[in-house]
Amino acid sequence: MRIRAFMKKNYLLIALLLVTVFFAVATKGKLFYSGNVKNLFLQNMYVYILASGMFICILTGGNTDLSCGSAVCLMGAVAGRLMENGFNGVTAFMAMLLIGIMIGIIHGYLIGKMELPSIIVTLAGMSIIRGIANLLLGGYTLSITDEVFLRLFGLSKGYYAVFLFVLFSIMAAVYISEFAPVGKHIYALGGNGEAAKTSGINKTFIVMFAYIFMGILTAIAAAVVCGRTETVGPGLGETYAMDAIAACFIGGTSVSGGKGRMSGVIIGALLMGIINQGMSILGLSVNWQGVIKGVVLVMAVLSGYFLSRKGRKQK
Amino acid sequence: MNELLVMKDITKDFSGGRALDNVSFSIFKGEIRGLIGENGAGKTTLMNILSGNYPYGTYQGEFFFSGKPCHFVSPKDGEKSGITIIHQELSLVQGMSIADNLFLGNEIGNRFFVDRKKTFEETEKILKLVGLDESPDTLVEELGAGKQQLVEIAKALSKNPELLILDEPTSSLGQEHFEKLSELMMNLKSQGKTMIIISHKLNEIMKVSDRITILRDGKIIDTIDNLDKNADERYLIKGMAGHDISELYPKKTNKVSDEIALKADHYEIESERRKGALSLKDISFVIHKGEVVGLYGLMASGRSKLVKSLFGRSNGFTARGNVEIYGKRVELKTPKEAIEAGIAYVAEDRMKTGLSLERNIRENMTLPGLEKITIRGLLDKAEEKMVARDNVEHFQIKARSYEQDVKELSGGNQQKVMLSQWFYTDPKILILDEPTKGIDVGAKYEIYNIINEYAASGGAVLLISSDMSEIFGLSDRIYVLSEGRITGELDRDEFSADKVMTYILKEDQLS
């Protein structure tokens with residue numbers, strides 16, 4: 001009985017431990033080489049940022065954003081083109097933020113006000129945004145050389161301002177979900193939409209808020225990714241939505257919203273990172289990585305289901 | 001006495017017709033007013049206007065609160081002026097704590113931070129007021145229905161209202177919770193609060209209200225004094241229904257035969273929470289052909305669990321024991337097997353488990369008995385229509401046609417659709433779980449008739465209800481279930497509330 005209660009409470013940490021041990025053994029300890037540990041964070045910064053935004057969206061009622069990967073690509077393309085034409089890095093970043101906010105407003109309006117299902121809206125968004133991004137790129141990969149931009153978001157110039165952006169994203173989601181009045185409204189809306197309505201909570205506002213927040217974080221993620229790789233190519237961000245959503249669900253966020261905590265999401269993102277990292281060290285192809293990530297996602301949600309009371313009750 | 005609320009010539013039209021027709025009435029400061037009426041009489045519409053759910057301008061007429069005219073645009077305005085409504089359906093967020101629920105939408109703190117400490121303190125104060133002994137950070141989902149109701153009231157009180165409207169506060173609660181609620185209402189009254197209570201349960205209305213207003217077809221029929229709690233029940237029923245209903249329950253015409261339809265012998269169900277423990281133990285009972293057997297128990301006595309398990313839905317927890325249907329031993333593992341064995345289970349919650357709300361009457365009608373109209377894997381549409389037409393006629397279901405969506409029907413008619421769909425499976429044993437929950441007097445009477453008719457034609461009925469008088473009115477025999485055991489059995493000539501309560505308490509003393 002005690003073991004069960006302990007497992008239930010800490011199953012995320014246990015899963016994290018198991019996966020870490022597995023990859024540590026499978027890679028013969030290479031996982032813990034300092035270069036790899038560093039990469040574990042650097043290569044996955046976008047997961048933490050996007051998952052923080054995705055978490056807030058999902059809380060409002062299971063609303064995901066499938067388009068965030070495409071948006072990262074579009075923002076990178078716009079910023080890349082701007083800098084090519086002599087605009088500086090700060091202006092480029094402002095443009096990214098603007099695009100994020102605009103996408104957030106459109107998604108939030110369609111989902112919150114018109115009550116369209118988020119999966120349809122953001123699936124359409126994903127296709128539209130990816131299309132525009134590819135038009136802008138014209139099939140080429142742009143390189144980013146702007147000094148200011150790379151100082152802010154890059155790693156090669158010896159400045160690490162980029163960590164502040166990652167930290168800011170995570171802390172913003174923690175603040176919203178744990179301390180802000182609007183967070184209570186977000187949880188309430190996802191937990192019981194009718195109750196939220198009778199308590200005078202404005203659904204449109206809350207959903208718009210969540211998607212605009214997501215848009216801003218997507219812009220930050222885009223800047224961070226472009227800054228690190230110093231390039232923007234047509235395939236950029238294709239797996240990002242999957243990574244962010246998986247981190248949330250592995251981290252115990254309820255699929256229908258209203259339940260979950262940032263601490264879980266961070267562990268979920270960490271878990272995704274270790275799996276990503278471990279598999280690259282093992283030299284598995286991207287395709288196999290996708291297969292395994294999918295399996296892990298289902299297993300994580302399943303184990304959460306069985307460990308919670310709901311799984312045993314089955315009315 | 002001064003008037004707290006004055007309503008003048010309120011008229012509200014919907015596309016379907018007039019819901020309120022020149023309604024004028026007033027509520028005095030410090031009274032408890034009962035508001036009764038059948039479904040569709042306009043009670044809820046009236047309350048929606050009062051609370052600001054229907055904004056000013058969408059109805060004609062005007063109302064004054066504390067002498068001031070009210071032009072509410074949203075429920076927030078209503079709450080600001082001091083009118084708070086507790087809705088029929090529990091409107092709590094299950095996954096949130098009591099404290100967070102209480103101040104949802106009115107968080108304590110500044111714009112950017114919730115003041116947790118203060119929220120906790122305030123919550124504790126209010127919980128004390130309603131007599132709920134729980135920590136403010138307890139999640140609502142961990143509470144039972146009765147305690148959740150108290151949280152709901154606490155939430156309303158947190159807005160410090162002058163007028164509190166309780167819309168069907170006990171529709172999902174048993175008798176034992178009402179006692180607590182009425183105590184609380186008296187307590188609030190002594191603190192000078194004014195309340196309006198809406199309920200289908202006349203005995204409850206009569207017990208707490210100072211005055212009772214009857215609403216019918218959007219008009220006020222009468223307001224009578226009930227200061228001495230002795231209003232004439234017959235008069236109230238007549239006012240609501242518009243015609244005299246001489247008896248609350250139809251005369252019983254069934255003959256109980258000696259033949260045993262359903263027999264359970266030392267039936268027991270394992271607890272789903274604790275392994276090895278039993279949540280129902282040593283359950284032995286019989287139902288004869290042509291007999292209506294009442295099963296009475298408090299909310300958590302296990303009565304629904306018992307019948308669901310009999311109906312083959314014991315998944316998740318194991319059941320043991322001998323069950324016989326007309327002398328033949330059966331082991332029912334799924335509802336399908338139960339239906340084939342001749343059991344029909346009319347579930348308690350028609351919205352969630354009973355009906356497919358988005359589908360029409362025709363499709364719902366043959367849902368449990370779908371095999372009867374299936375020929376070689378194809379549906380016989382002509383037969384489906386015929387069944388629907390016959391049943392709508394036979395059970396007098398009020399609908400535009402059998403193509404109407406079930407969700408558009410009134411509660412009573414939905415209940416009739418549910419009954420008729422199960423009758424179509426030709427059940428030998430009919431299990432009814434709260435068959436008249438939330439429906440009005442007229443429809444109740446019709447459903448009682450249907451139950452009686454079925455028993456008279458040789459069916460066997462197991463009836464569950466939280467309404468003791470309903471159990472008394474319909475049953476030939478009663479079993480009392482308490483804490484997972486059958487603690488007593490009463491024949492029709494020994495029915496009395498005292499005896500039932502003694503049997504319920506008996507188990508308490510045993511354990």
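Computed from a predicted structure; not experimentally measured.

Some points on the overall build of chain B
Next up, step 1: Of the regular secondary structure elements, chain B holds 17 helices and 22 strands.
Next up, step 2: A compact globule built from 511 residues should have a C-alpha radius of gyration of about 24 Å, and chain B, at 24 Å, falls within 12% of that.
Next up, step 3: If one aligns the C-alpha atoms of chain B with their principal axes, the spans along those axes are about 70 × 50 × 50 Å.
Next up, step 4: When each of the 511 residues of chain B is scored for burial, the buried share is 53%.
Next up, step 5: Intrachain contacts of chain B at a sequence separation of at least 6 include 67% that bridge at least 24 residues.
Next up, step 6: Of the side chains in chain B, 68 bear a positive and 80 a negative charge, and the two mean positions are spaced by 2 Å.

Section: the pattern of salt bridges
Next up, step 1: In this structure the tally under the stated criterion is 40 salt bridges over all chains.
Next up, step 2: A salt bridge links Lys-184 of chain A to Asp-100 of chain B, with the nearest nitrogen and oxygen atoms 3.1 Å apart. Residue Lys-184 of chain A is located in helix 9 (residues 181-191), and its partner Asp-100 of chain B is located in helix 3 (residues 98-102); the two belong to separate chains.
Next up, step 3: Note on Lys-184 of chain A: relative accessible area 13%, which makes it buried.

Overview of helix 4 (residues 68-84) of chain A
Next up, step 1: Counted at 1.5 Å a residue, the expected span for helix 4 of chain A with its 17 residues is 24 Å, and the 24 Å between its end C-alpha atoms agrees.
Next up, step 2: Burial runs high along helix 4 of chain A: 14 of the 17 residues are buried.

Side note on the pairing of strand 9 (residues 211-216) of chain B
Residues and elements named next belong to chain B.
Next up, step 1: Most of strand 9 sits inside the fold, with 5 of its 6 residues counted as buried.
Next up, step 2: One ladder, built from 4 bridges, connects strand 3 (residues 32-36) with strand 9; its direction is parallel. Each bridged residue has a counterpart across the sheet, and for Leu-35 the counterpart in strand 9 is Thr-213.
Next up, step 3: Note that strand 9 and strand 10 (residues 219-225) share 6 bridges and pair antiparallel. By the bridge assignment for strand 10, Ile-212 is matched with Ile-224.

Describing the confidence of the model for chain B
Residue and element names in this part refer to chain B.
Next up, step 1: On average, residues of chain B score 87 in pLDDT, and 95% of them reach the 70 mark or higher.
Next up, step 2: By mean pLDDT, helix 17 (residues 497-510) is the weakest element of chain B at 73, and strand 20 (residues 460-464) is the strongest at 95.
Next up, step 3: Here the predicted complex carries an ipTM of 0.84, next to a pTM of 0.79.

Description of the packing of helix 9 of chain A against helix 11 (residues 203-229) of chain A
Residues and elements named next belong to chain A.
Next up, step 1: Packing of helix 9 against helix 11 brings their axes to within 10 Å, and their N-to-C directions diverge by 105 degrees. Here helix 9 is positioned roughly perpendicular relative to helix 11, judged by the angle of their axes. Residues Val-182, His-185, Ile-186 and Leu-189 of helix 9 form the contact with helix 11, whose own contacting residues are Lys-203, Phe-205, Ile-206, Val-207 and Phe-209.
Next up, step 2: Residue classes in the contact of helix 9 with helix 11 are distributed as 7 nonpolar, 1 polar and 1 charged.

Focus on the environment of Arg-81 of chain A
Next up, step 1: For Arg-81 of chain A, the position within the fold is in helix 4.
Next up, step 2: What Arg-81 of chain A contacts, discounting residues up to four positions off in sequence, is Leu-136, Leu-137 and Leu-142 of chain A.

Structural notes on the sheet that holds strand 15 (residues 328-330) of chain B
Residue and element names in this part refer to chain B.
Next up, step 1: As summarised here, the arrangement of the 4 strands in space is 12-11-14-15, forming an open sheet in which the pairing is antiparallel. Of all the strands in the sheet, just strand 12 (278-288) and strand 15 have a single pairing partner and so form its edges. Across the sheet, the mean angle from the axis of one strand to that of its neighbour is 15 degrees, orientation sign disregarded.
Next up, step 2: Relative to strand 12, strand 11 (residues 260-270) runs antiparallel, the two sharing 7 bridges. In the sheet register, Tyr-267 faces strand 12, and the bridge partner there is Ile-283.

A closer look at the nonpolar core
Next up, step 1: Counting residues in each nonpolar core, the largest one holds 108 residues, and the members touching the most others are Met-96, Phe-149 and Ile-250 of chain A.
Next up, step 2: The dominant element in this core, judged by the number of residues it contributes, is helix 11 of chain A, at 15 residues.
Next up, step 3: Apart from the residues within four sequence positions on either side, Met-96 of chain A is in contact with Met-75, Gly-76, Ala-79, Phe-149, Ala-219, Ala-222, Ala-223 and Cys-226 of chain A.
Next up, step 4: Grouped together as the second largest cluster of nonpolar side chains are 67 residues, Val-293, Leu-306, Met-365 and Tyr-424 of chain B included.

Some thoughts on the side chain of Asn-226 of chain B
Residue and element names in this part refer to chain B.
Next up, step 1: Following the sequence through the fold, Asn-226 ends up in the loop between strand 10 and helix 8 (233-241).
Next up, step 2: The class of Asn-226 is buried, set by a relative accessible area of 0%.
Next up, step 3: Within the structure, the side chain of Asn-226 is placed 3.1 Å from the backbone oxygen of Ser-209, a separation counted as a polar contact.
Next up, step 4: When neighbours within four sequence positions are excluded, Asn-226 is seen to be in contact with Ile-205, Met-206, Ser-209, Asp-210, Arg-211, Ile-212 and Ala-231.

The rules behind each value
Residues numbered from 1 in each chain as written. Chains lettered and ligands numbered in written order. Predicted model: local features only at pLDDT ≥ 70, side-chain atom pairs only at ≥ 80, totals over all residues. Heavy atoms only, no water. Helix = DSSP H or I, 4+ residues; strand = E, 2+ residues; numbered from the N terminus. Rg over C-alpha atoms; globule rule 2.2 N^0.38 Å. Buried < 20%, exposed > 50% of the residue type's maximum accessible area, 1.4 Å probe, protein only. Contact = heavy atoms within 4.5 Å. Lys, Arg positive; Asp, Glu negative; His and termini not counted. Charge placed at Lys NZ, Arg CZ, Asp CG, Glu CD. Salt bridge = Lys/Arg side-chain N within 4 Å of Asp/Glu carboxyl O. Expected span 1.5 Å × (residues − 1). Pairing = 2+ DSSP bridges. pLDDT = per-residue confidence, 0-100. Axes fitted to C-alpha atoms, helices over the stretch in contact; angles between N-to-C directions. Parallel < 35°, antiparallel > 145°, perpendicular 65-115°, else oblique. Nonpolar A, V, L, I, M, F, W, Y, C, P; charged D, E, K, R; others polar. Core = buried A, V, L, I, M, F, W, Y, C linked by side-chain atoms within 4.5 Å. Polar contact = N/O pair within 3.5 Å; in protein donor to acceptor, adjacent residues only side chain to side chain.

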